[in-house]
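Chains, contacts and geometry: an overview
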Amino acid sequence: MGHRNHEEQNHHQAADSLANLFTKANHDLLVVQYRLEKEFQQIYPDNANPMKLVSRIKKIQEELSSLTEQCRELLSAKQDLIDKARTTLVGNRNLLQRMQASTGIPRTRDSDDPAFNNFNQIIDEWTVQVRSRIGDEMQESDSEDINKLLFSAIVQSN
């Protein structure tokens, strides 16, 4: 039993001295950080302080990946909304035309349907806007890829 108690005491002493070493190292690092900050404040103007610039860059890098993912999710949700709206509008329009035909009413032409024309105009404008940002290289892309094209253009331009 005495031998085990002696081992525990040595073990605790070793752990205590290691904890003290870490505490001293932490204190030394804080002193170095304080001295560097003070030196940088004296040498550089506030907006050019390298430590602050590095800190801001790291923060921006952390936020960028999160914002990128959120942007992808938002564009994906937007594209789903556009696809569902297109499917619903075209389906309803076709149903209306069939009903008109079955009742003998003249069918509404595309040019006479303002809602359908406005929707197509918005989609066409969006497509032109995206393609103008990325250039002519992607002219052959499907309209379903418009959001991906826009996102890649935004990311590449930044």
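Residues numbered from 1 in each chain as written. Predicted model: local features only at pLDDT ≥ 70, side-chain atom pairs only at ≥ 80, totals over all residues. Heavy atoms only, no water.

**A short note on the pattern of salt bridges**
Within this structure, the stated rule accounts for four salt bridges. D28 is the partner of K24 in a salt bridge, and the nearest nitrogen-oxygen pair spans 3.0 Å. Here the residue K24 and the residue D28 both occupy positions in helix α1 (residues 2-43), the gap between them amounting to four residues, near one helical turn. Given the relative accessible area of 52%, K24 is considered exposed. Assessed through its relative accessible area of 34%, D28 is described here as partly exposed. Residue R93 pairs with D113 through a salt bridge whose shortest N-O separation is 3.1 Å. With a gap of 20 residues between them, R93 in helix α2 (residues 50-103) and D113 in the loop between α2 and α3 (114-134) connect regions that are remote in the sequence. Of the two residues, R93 and D113, both sit in the buried class. Linked by salt bridges that have partners in common, R93, D110 and D113 make up one network. (Salt bridge = Lys/Arg side-chain N within 4 Å of Asp/Glu carboxyl O. Helix = DSSP H or I, 4+ residues; strand = E, 2+ residues; numbered from the N terminus. Buried < 20%, exposed > 50% of the residue type's maximum accessible area, 1.4 Å probe, protein only.)

**Brief notes about α2**
Compared with the 80 Å implied by 1.5 Å per residue over 54 residues, the 77 Å span of α2 between its first and last C-alpha is a close match. All of the buried residues in α2 are T68, L75, Q79, I82, R93, Q97 and Q100. (Expected span 1.5 Å × (residues − 1).)

**A few points about the environment of R109**
Looking at where R109 falls in the secondary structure, it is placed in the loop between α2 and α3. The exposure class of R109 is exposed, given its relative accessible area of 54%. Spatially, the C-alpha atom of R109 lies 9.0 Å from that of Q97, the residues being twelve residues apart in sequence.

**So, the confidence of the model for the protein**
With 75% of its residues at a pLDDT of 70 or more, the protein shows a mean pLDDT of 77. Within the protein, helix α4 (residues 146-157) has the poorest average pLDDT of any element, 61, and α2 the best, 86. (pLDDT = per-residue confidence, 0-100.)

**Here we look at a nonpolar patch on the surface**
A contiguous nonpolar surface patch, about 330 Å² in accessible area, is contributed by L18, L21 and F22. By secondary structure assignment, the location of L18 is in helix α1. (Patch = residues over 30% accessible without salt bridge, like charges linked within 9 Å, V, L, I, M, F, W, Y side chains within 5 Å. Areas by Shrake-Rupley, 256 points an atom, 1.4 Å probe, with all protein chains shown as cover.)

**A look at the side chain of D113**
According to the relative accessible area criterion, D113 is buried, its value standing at 16%. With residues near it in sequence (within four places) discarded, D113 still touches R93 and T108. (Contact = heavy atoms within 4.5 Å.)

**Quick notes on the packing of aromatic side chains**
Tallied over the full model, the rule gives zero aromatic pairs. Against the face of F116 rests R93, its NZ or CZ located 4.4 Å from the ring centre. (Phe/Tyr/Trp six-rings, centres within 6.5 Å; stacked < 30°, edge-to-face > 60°. Lys NZ or Arg CZ within 6 Å of the ring centre and 35° of its normal.)

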